[in-house]
Amino acid sequence: GRAGFGFAALTEGDGEADLQGTAVAEGFGPVVVDVASPCFRGAERHTNNTAELTSCVEAMLWLLADAGDQPVLLRPDSTYVWDLVTGVARASCNL
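Residues numbered from 1 in each chain as written. Predicted model: local features only at pLDDT ≥ 70, side-chain atom pairs only at ≥ 80, totals over all residues. Heavy atoms only, no water.

*Asks:* Is there a simple way to think about the nonpolar core in this case?
*Replies:* One recurring pattern in soluble globular proteins: nonpolar side chains tend to sit buried together. Of all hydrophobic cores here, the largest spans 6 residues; its members are Phe7, Ala9, Ala25, Ala59, Trp62 and Ala67. Of all elements in the fold, only strand E1 (4-11) and helix H1 (48-66) reach the threshold of two or more residues within this core. With residues up to four places along the chain from it excluded, the contact list for Phe7 reads Ala25, Glu26, Gly27, Ser55, Glu58, Ala59 and Trp62. (Core = buried A, V, L, I, M, F, W, Y, C linked by side-chain atoms within 4.5 Å. Buried < 20%, exposed > 50% of the residue type's maximum accessible area, 1.4 Å probe, protein only. Helix = DSSP H or I, 4+ residues; strand = E, 2+ residues; numbered from the N terminus. Contact = heavy atoms within 4.5 Å.)

Below you can see the structure in the form of structure tokens.
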């Protein structure tokens, strides 16, 4: 099958439910497995883990390119990604 990613960037949220948050960006698309593509992020297969990791990479790329000085909260919906990003877990293979 195919896998896709998605992220939303909010400001002014409360860090919990973000009911008062303002959406400032969103991104979504397929997980790209073609190494020749400029959208290739390292995934070799369409899996749930590669989709979650691609979402994190795309959100961070947005932060670097477009977020400017505005504070944003990154809160992945994936415990797996959160544990990797915070150093709680180590990936063995997510190609």
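So that's the structure; there's more coming.
*Asks:* How should a nonpolar patch on the surface be read in this particular structure?
*Replies:* A surface patch of nonpolar side chains, amounting to about 280 Å² of accessible area, comprises Val57, Leu61 and Leu64. Mapping Leu64 onto the fold places it in helix H1. (Patch = residues over 30% accessible without salt bridge, like charges linked within 9 Å, V, L, I, M, F, W, Y side chains within 5 Å. Areas by Shrake-Rupley, 256 points an atom, 1.4 Å probe, with all protein chains shown as cover. Salt bridge = Lys/Arg side-chain N within 4 Å of Asp/Glu carboxyl O.)

*Asks:* Even after reading the chapter, I still don't get the pattern of salt bridges, so can you show me in this structure?
*Replies:* Any two side chains of opposite charge can pair, given that their charged atoms come close. Under the defined criterion, the tally for this structure stands at 1 salt bridge. When the shortest N-O distance is used, the salt bridge between Glu58 and Arg41 registers 2.8 Å. One end of the pair, Glu58, is in helix H1; the other, Arg41, is in the loop between strand E2 (22-30) and H1, with 17 residues separating them in the sequence. Taking the relative accessible area as the measure of exposure, Glu58 reaches 16% and is therefore buried.

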